Amino acid sequence: MKKTLAIIGLGQMGSRHLEAAKSLKKFKIIICDLNKKTTNQHNLKTYNNWKTLIKNEQIDILVIATNANSHFNIASFAIKNKIKRILCEKPLTTSILQGEKLKKLIIKNNTLFAVNHIRRWSDSYKKLKQLINENRFGKIVQIYFDMGGGQLTSNGGHLFDLARYLTSSEPKKIFAKIDDKKTPHPRGKKFIDHGGYGILLMKNNSRVLFDMSEDYGTPTIIKILCKYGYILIDEKNKYWRCFARSKKDKKLPLTKRPNLIQIPFKGHGMINMIKSSKSSIKNLIAAKNNFMIKCGIDDGIKSIEIPIGANISSKKNSYVNFPIKNLKIKKKIYKFT
Ligand SMILES: NC(=O)c1ccc[n+]([C@@H]2O[C@H](COP(=O)([O-])OP(=O)(O)OC[C@H]3O[C@@H](n4cnc5c(N)ncnc54)[C@H](O)[C@@H]3O)[C@@H](O)[C@H]2O)c1
């Protein structure tokens, strides 16, 4: 018998998940969106209220693709109603405390839970991480990324997640300046997610420098600087370049700067979100426990905790340490997309 996969929220992202689920050809698909005009466009079983959907149906896999302000309520209700496999869009929640409460529920109910930070399902980054772990470039000393147009949580969350993934380390502290020009959010006044720039220090002493200010509009550039080499990535132009010292030159002191050799590497262009949704759904189905989920609840929590830390740092004009322990900060609800 086919498993039932339900999608809540059928906007830009939900439609991609729908395409992905259809192309896997093994699900009975049910959709839910507040907006009847949206659900009426599909010839599928439909709901317009997510509580009714969850109460009425036996759902094997639930995809939550509404905006961030409803992720916590939907996910908590789904977990309490015994849905066992959930893929939730990022940002996971709109406060750190909500994320932590979800984690407790997930553990208590043995739920398999994935968060859609798309680069976690990318074969190119997986291959790159392998090369890094094999010590081809030496330890990562710095990751630099920039991406125009702001949105330090919605867009930056993906890149902070990538930094944790590639360095295999956790955030230690952050110092940041948030853009205070109050540029309206492109999706309307009900969302606030400003840009900013700063430095994130990781526990293994790698430095993450980021500039996602709102005064420029160029696509993402990533530079990964390692002890013996560097990697430059411009995904949009499918430009991945890797350079490292030869084996013999690695023995030279760091004060010497020998010519680096280019390491052939083929990476992807812009991430195909339908393909990555397919991978995330497959990962969720195959997983027997949460350790097998490539991007799980802790990754979701960290990806909001880091930009929230950036916001607090900017206000206080000082470093903010991780994990954030102050309950007032953890409770604060943000207006992320
Ligand atoms: N993983 C990624 O790379 C990626 C990319 C884009 C967006 N996103 C995230 O996906 C989520 C959705 O973004 P989007 O671009 O699809 O937004 P969108 O505005 O295009 O779509 C949201 C949809 O959810 C519906 N909706 C909202 N509240 C609902 C509710 N309570 N019950 C049922 N339906 C509801 C809306 O009617 C709309 O159709 C956001 O959290 C966003 O940050 C993730």
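In what follows, the structure referred to is the one given above.
Worth saying up front: this structure is predicted, and the values here are computed from it rather than measured.

Thresholds applied
- Every chain's residues receive numbers from 1 upward, in the order its sequence appears when written.
- Note on the predicted model: pLDDT of at least 70 is required for a residue's local features to be given, and 80 or more for side-chain atom pairs to be given and counted; whole-chain, interface and lining totals, by contrast, use all residues.
- What counts as a helix is a DSSP run of H or I of at least four residues, what counts as a strand is a run of E of at least two, and both are numbered from the N terminus.
- The atom set for the radius of gyration is the C-alpha atoms, and the globule formula is 2.2 Å times the number of residues raised to the power 0.38.
- Labels follow a simple rule on C-beta atoms placed from the backbone: if 20 or more others lie within 10 Å of a residue's own, it is buried; if 12 or fewer, it is exposed; otherwise it is partly exposed.
- A pair of residues counts as a contact when their C-beta atoms, built from backbone coordinates, are within 7 Å of each other.
- A molecule or strand has a residue near it when that residue's C-beta atom, placed from backbone coordinates, lies within 6 Å of it.
- Note on residue classes: Ala, Val, Leu, Ile, Met, Phe, Trp, Tyr, Cys and Pro are nonpolar, Asp, Glu, Lys and Arg are charged, and everything else, Gly too, is polar.
- Strands qualify as paired when DSSP identifies two bridges or more between them.
- Crossovers are marked right-handed if the path from the first strand over the helix to the second runs clockwise, as seen with the strands pointing away from the viewer.
- Interaxial angles span 0 to 180 degrees and are taken between N-to-C directions of axes, which are lines fitted to C-alpha atoms, for helices over the stretch in contact.
- Convention used here: angles under 35 degrees read as roughly parallel, angles over 145 as roughly antiparallel, angles from 65 to 115 as roughly perpendicular, and any remaining angle as oblique.
- Here is the rule for handedness: rotate from the far helix to the near one, and if that takes an anticlockwise turn smaller than a right angle the crossing is left-handed, while a clockwise turn gives right-handed.
- Here, expected helix span is obtained from the residue count minus one, scaled by 1.5 Å.

Asker: It is not clear to me how the overall build of the protein should be interpreted in this structure. Could you clarify?
Answerer: Assigned secondary structure in the protein consists of ten helices and 15 strands. For 337 residues, the compact-globule estimate of 2.2 N^0.38 gives 20 Å, and the protein sits close to it at 21 Å. The principal-axis extent of the C-alpha atoms belonging to the protein is close to 70 × 45 × 40 Å. Counting over 337 residues, the protein shows a buried share of 42%. Across the protein, every contact between residues at least 6 apart in sequence was considered, and the portion connecting residues at least 24 apart equals 70%.

Asker: So what exactly am I meant to see when it comes to the site of the ligand here?
Answerer: Lining the immediate environment of the ligand, one finds 25 residues, of which Gly9, Gly11, Gln12, Met13 and Glu89 sit closest. The set of elements that each furnish at least two residues to the shell around the ligand consists of helix H1 (12-24) and helix H4 (68-80). Residues belonging to the shell around the ligand are distributed by class as follows: ten nonpolar, twelve polar and three charged.

Asker: Looking at this structure, I do not really get the pairing of strand E6 (residues 112-115). What am I missing?
Answerer: By the alternation rule, side chains of E6 split into Leu112 and Ala114 and Phe113 and Val115, which are all buried. With four bridges joining them, strand E5 (residues 85-88) and E6 adopt parallel strand pairing. Note that in E6 the partner of cysteine 88 across the bridge is valine 115. With respect to chirality, the unit in which E5 leads through helix H5 (residues 96-109) into the neighbouring parallel E6 is right-handed.

Asker: I keep staring at the packing of H4 against H5 and nothing clicks. Help me out?
Answerer: Helix-helix packing is described using two parameters, namely the angle between the two axes and the distance between the axes. H5 packs onto H4 with a crossing angle of 15 degrees between their chain directions and a minimal axis gap of 10 Å. By the angle between their directions, the pair H4 and H5 is classed as roughly parallel. Between H4 and H5 lies a crossing whose hand is left-handed. On the side of H4, the interface is formed by Phe72, Ala75, Ser76 and Ile79, while H5 contributes Gln98, Leu102, Leu105, Ile106 and Asn109. Residues of the contact of H4 with H5, tallied by class, amount to six nonpolar, three polar and no charged.

Asker: Any chance you could explain the sheet that holds strand E3 (residues 45-47) here in plain terms?
Answerer: Within a sheet, adjacent strands bond to each other through the backbone by hydrogen bonds, running parallel or antiparallel. Pairing in this open sheet of six strands is parallel, and the strands run E3-E2-E1-E4-E5-E6 from one edge to the other. Each edge of the open sheet is held by one strand with a lone partner, namely E3 and E6. Strand-to-strand twist across the sheet, computed as the mean angle between neighbouring axes with direction ignored, equals 20 degrees.

Asker: Would you take a moment to explain helix H9 (residues 297-316) for this structure?
Answerer: Here H9 contains 20 residues, and its C-alpha end-to-end distance of 28 Å stays within 8% of the 28 Å for a straight helix at 1.5 Å per residue. Counting buried positions along H9 gives 16 out of 20 residues, so the element sits mostly inside the fold. Once H9 finishes, asparagine 317 follows within two positions and takes phi at roughly 55 degrees, a positive value.

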